[in-house]
Amino acid sequence: MSAIAIGDLSLLLVLPVLGGAALLFIPRRRTAMLFGGAMVFSAVAFLWSIKLLIQFDGRLAEMQFVERAAWVPAYGIEYIVGVDGISLFLVLLTTFLTPLSILASWSVKEKVKEYLFFMLLLETGMLGAFVALDLFLFYVFWEVMLVPMYFLIGVWGGPRRIYAALKFVVFTMTGSLLMLVAIIYLAVRQAETSQVLSFDLLRIYDLHLPFHEQIWLFLAFALSFAIKVPVFPLHTWLPDAHVEAPTAGSVILAAILLKLGTYGFLRFALPLFPDAARVAAPFFIGLAVIGVIYGAVVAMMQADIKRLVAYSSVSHLGFVMLGLFVFNVQGLQGGIYQMLSHGLSTGALFLLVGMIYDRRHTRLIQDFGGLWRQIPIFSALLLVVTFSSIGLPGLNGFVGEFLILVGAFKVVPGWTALAASGVVLGAVYMLWMFRRVAFGPLTHPENEKLRDLDPREILILAPIVVLIVVMGVYPRPFLDRMKPAVDLTLTRMGATQVTASAVGSGANRELNADER
Amino acid sequence: MVTPMQTFAADLLRWIPLIPLLASILNIFFGDRWGRKNAGLLACAAVGVSFALSLYVVALLPAEGVFRDTVYTWIESGSFQAQFSLQVDALTAVMLVVVTGIGFLIHIYSLGYMTHDQGIIRFFVYLNLFVFFMLLLVMGDNLLLLFVGWEGVGLCSYLLIGFWYHDSQNAIAGNKAFIVNRIGDFGFVLGILVLVIELGRLGIWTLDFVTLQSHIHHLSPEKITLISLLLFAGATGKSAQIPLFVWLPDAMAGPTPVSALIHAATMVTAGVYMTARLHFLFALAPFTLSLIAWIGAATAFFAATVALAQTDIKRVLAYSTVSQLGYMFLAVGVGAFSAAIFHLFTHAFFKACLFLGSGSVIHALGGEQDMRKMGGLKTYLPKTYWTYLIAALAIAGAPGTAGFFSKDLILWQAFSSPRGSEVLWFIGWITAGMTALYMFRQFFIVFHGQCRAEAHVKAHIHESPGVMTVPLMILAFGSIFAGWLGAPDYFWHAPWEDWLRPVFGSVHEADHGSVTTEIRLMLRTLAITAVGILVAYWAYGRAATLAQRAASLAGGAPYRLLLNKYYVDELYDRLVVRPFTGVSGWLAQIFDPAVIDGAVNGVAASVRGLSGKWRAMQSGDVQHYLIAFVAGALALLAYYLGQR
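**Here's the deal with the interface of chain A and chain B**
In step 1: At the junction of the two partners, chain A supplies 41 residues and chain B supplies 39 residues.
In step 2: Element by element, the count of residues in the side of chain A that touches chain B is highest for helix α18 (residues 422-438) of chain A, at 7 residues.
In step 3: Broken down by class, the residue content of the side of chain A that touches chain B amounts to 27 nonpolar, 8 polar and 6 charged.

**Section: the packing of helix α15 (residues 376-390) of chain A against α18(A)**
Residue and element names in this part refer to chain A.
In step 1: Relative to each other, α15 and α18 sit at 170°, their axes nearing to 9 Å. With respect to their mutual orientation, α15 and α18 come out roughly antiparallel. Residues S379, L382, L383, T386, S389 and I390 of α15 form the contact with α18, whose own contacting residues are G426, A427, M430, F434 and A438.

**With respect to the pairing of strand β2 (residues 77-83) of chain A**
Residues and elements named next belong to chain A.
In step 1: Among the 7 residues of β2, 5 are classified as buried, and the element is accordingly described as predominantly covered.
In step 2: Bridge analysis of strand β1 (residues 64-72) against β2 gives 6 bridges, and the strand direction is antiparallel. By the bridge assignment for β2, E67 is matched with V81.
In step 3: Counting the residues in the hairpin turn of β1 and β2 gives 4 residues, including G76, whose phi is positive at 70°.

**Some points on the environment of V423(B)**
All names here are of chain B.
In step 1: Mapped onto the fold, V423 is located in helix α18 (residues 422-447).
In step 2: A tally of 11 C-beta atoms within 10 Å means that V423 is categorised as exposed.
In step 3: Distance in space between the C-alpha atoms of V423 and V49 is 46 Å, their sequence separation being 374 residues.

**Some details on the nonpolar core**
In step 1: If you look at the biggest cluster of nonpolar residues, it comprises 426 residues, and the most contacted ones within it are A269(A), L322(A), L352(A), L330(B), A340(B) and A352(B).
In step 2: If one sorts the elements of this core by residue count, helix α4 (residues 120-139) of chain B sits on top with 18 residues.
In step 3: If sequence neighbours within four positions are ignored, A340(B) has contacts with V272(B), A276(B), M328(B), A331(B) and V332(B).

The rules behind these values
- Residues numbered from 1 in each chain as written.
- Chains lettered and ligands numbered in written order.
- Predicted model: local features only at pLDDT ≥ 70, side-chain atom pairs only at ≥ 80, totals over all residues.
- Contact = placed C-beta atoms within 7 Å.
- Helix = DSSP H or I, 4+ residues; strand = E, 2+ residues; numbered from the N terminus.
- Nonpolar A, V, L, I, M, F, W, Y, C, P; charged D, E, K, R; others polar.
- Axes fitted to C-alpha atoms, helices over the stretch in contact; angles between N-to-C directions.
- Parallel < 35°, antiparallel > 145°, perpendicular 65-115°, else oblique.
- Buried ≥ 20, exposed ≤ 12 C-beta atoms within 10 Å, placed from the backbone.
- Pairing = 2+ DSSP bridges.
- Core = buried A, V, L, I, M, F, W, Y, C linked by C-beta atoms within 7 Å.

These results come straight from atomic positions and should not be treated as a statement about function.
Have a look at this one:
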């Protein structure tokens, strides 16, 4: 690959930000044109990512579409990007949901230009974080994402937007500063061993650090990612951010940004520091299961639908964490699958909440009731998404949840049994919410004038609902493409375990060998 | 040997569930366009085609044979695999006939029953979807696919109980049904997980029934007991057994055809089907089997007592269903799987007939369900009356009817099987008497005596149209003759045992007691049934006493205890629901905002406080900075010297 020609993946990265730049040249009163421009660029980015999906070789475990260029040679910082079966679908989730979120932002009337600019910048930031293979580059993208999200909440948010935006940024920054220190430390150690200063992730994978170093580095990374996930008890920024964020902000936040936390564990914290991760696993499994139950129990009593969905995310992401920390193929595949499923179902939930908020300017459950009679299409779609979130077999949520449970039950049956109580709790809070919103008599006269979803809104939700069904009925295209990369990640976790086998359990090693 | 004809049938299997699904999807998108009537006809036609296909497949099924149709691999992760694969064997064949056959009749009936309902398209969408999931449940060739159907029927049940959602009570009943079922499913899922992991240790990573059957005995007895207990927990939810039966009476909030199809004939029997499907597993778990037998017997008895006191026409039938399901589990518990399935089969006919008959009554009375406002309907609704009488005789176990044979078989097995006992038989026997009593109590209150309906209702009482009464007649026919398929050997050599033998094998033939004992027990059952009917007649059937009894149905304290179902709902509310909502409320309103978020904001506040102090250090005075600089340099120097 020549140094000048821009690669497929880089093109995907620059497309949104290029679009954002292009918007700056459109007069701000031409809002339709601004929206159109943003739609075109994000849609092209989506189509481009589909092209990558088609070209992607699902049999390979290695990174594909890899591009490499020197960036800051003096410090060994490079521009390295690539995609494997793990990041592929997260990239697709991002490119899929961004245009839909933009389309859902029709009700934004103020500072449209800046809003759309930030949305597109955010997309590039997220995509960059998913494809970056240089630790420093990853860190840059990780931080870049904060800026547009900060403004999206802080400028276009609800009444307490400044508080929420600040909380979001301070929380995230607290974690990421330690991660930066750890990243630099890793590069320095890399230079010590190989005499080459480099932040190249694939190189650093092979740097088998002793346990006493791993544990500190792991904790630095893990704190940063755990805040993002969010892992109980670091979750309190999430409900505030969701409640105040505009609809598209909530969608992106829940569907994609949170996944960067779990993705971070999967790509960085676990394979880079496998021995430390194994030692910390019981702790994280405990927190994950507490999160599953706690999130669900707290969600039940929320009066605001957005807060309810926010806590349900704590619960669902607890499942993902459980899957990741049991170090076997079902746990990991289930975890990744659950990330995608949660992205779709929670994204759709926030979209639906946004649509009803646009009409009624309230999100309180008590302000609704009996909506099915008035707005059946809305209610029916809410029903599908509700059951997707509950994990009804045949819809997407079940596949990930079940695989996580299978993977986790091998390793920690007691904790897994506790987590499985989520199947009851999830039904309790979601159905209770659904009943109070859609069923019963139409008690509020304001709701008698509600319009049902218009074609634009149906167009936004239909692709998500179709995917919810497809991923439930036919998960193989997804699972198969993840498999090699998941196996490789497991090897990385297991490989160092053999060299530094002071810690770790025999059961996992046996399973890894079995899976390979 | 697979002849080409049979291969053809195997490839057909997928269409049996898929056709109702397609009809459901079509009606979602085009139902409004082609109108309520056509949507209903499409829904009926779809189930009719499924029924015809089922009969075709069953007719081709060789005695020892299984048809299998593997569509695709559903989930594959590591070594774990779950196929989307359907099968028909003798057991599934019985269920196919019940689900599509009785389902078809109930679909037809619904055309009449729901004709004035604005939501009839939605109704048929749900109903077809239900048939799809129910067929998946009985045709799935592995436990995970069975679970898909299991949850899917739960979804449809939820939607149909809350079908008239504008009344919050209906929606609440729907939620209750789903959540109580989910509590059972929590056990079911854990059971599946233990099974997956334990078999995985042996290198087996599938859940299809053939593999399970051939490898289950490799597991330790403790694990088998654990798995069977967990799976049975799921069955107590779905099939409304103690302690999770509480949702089924409330489920009567749904339209009556739904009660007939889902909450009597098919879905609630899924737990019985599941245990029968996994008979090889349960057979290895004697403790679980005893527990099942006792829970079944206790539920049968307990629900029958409650049914004695109910005033709502459908609630009597609901508790009756719980009670009859108890009989089926009693059979399962004594290892008589074939008898359990036989009762499932006959029960589907007479209970569907009773529910649809009650629907006909409700329909005629403009929605009235309170039996105190009925009476004397014999003359107004002759067809409903006669079919109801036949079905009531069948469930009571009058000689020659379907219920007579199937209940008698269960009682006989409860007595004679090595797992049975005289106590179990006795509970079943008493319950048989109560069954006759509550059924004929209802029968006399509803159809005999004076009509107690209000005048404006009375003026409009009419017999239901043919679209409703013809299904009633067919079901009444089945309520008599379905039982002859499994009549005991002293009547004729009935095909039932032979048909199911390839599935269940020969169950303890050797332990059968003598025919004379069998006949003696049968006569005792007949006697107590007759007593039940006579008591009902004495108390409610004579015109003189009926009016006054009906007026004062709510009597003394024991009566109120029964009427209020032993206050089990209230007990659960106190023990489970309120503590849970209390904890949830405390966590959501106090712990999370004050303690966890409070800690966060506390950290933030202290940082702010600290930074206020540090700001004071940035005095702008160079001398201060210099002192700090020197101090820092000294500290570093000291550190490095210390390292040496």
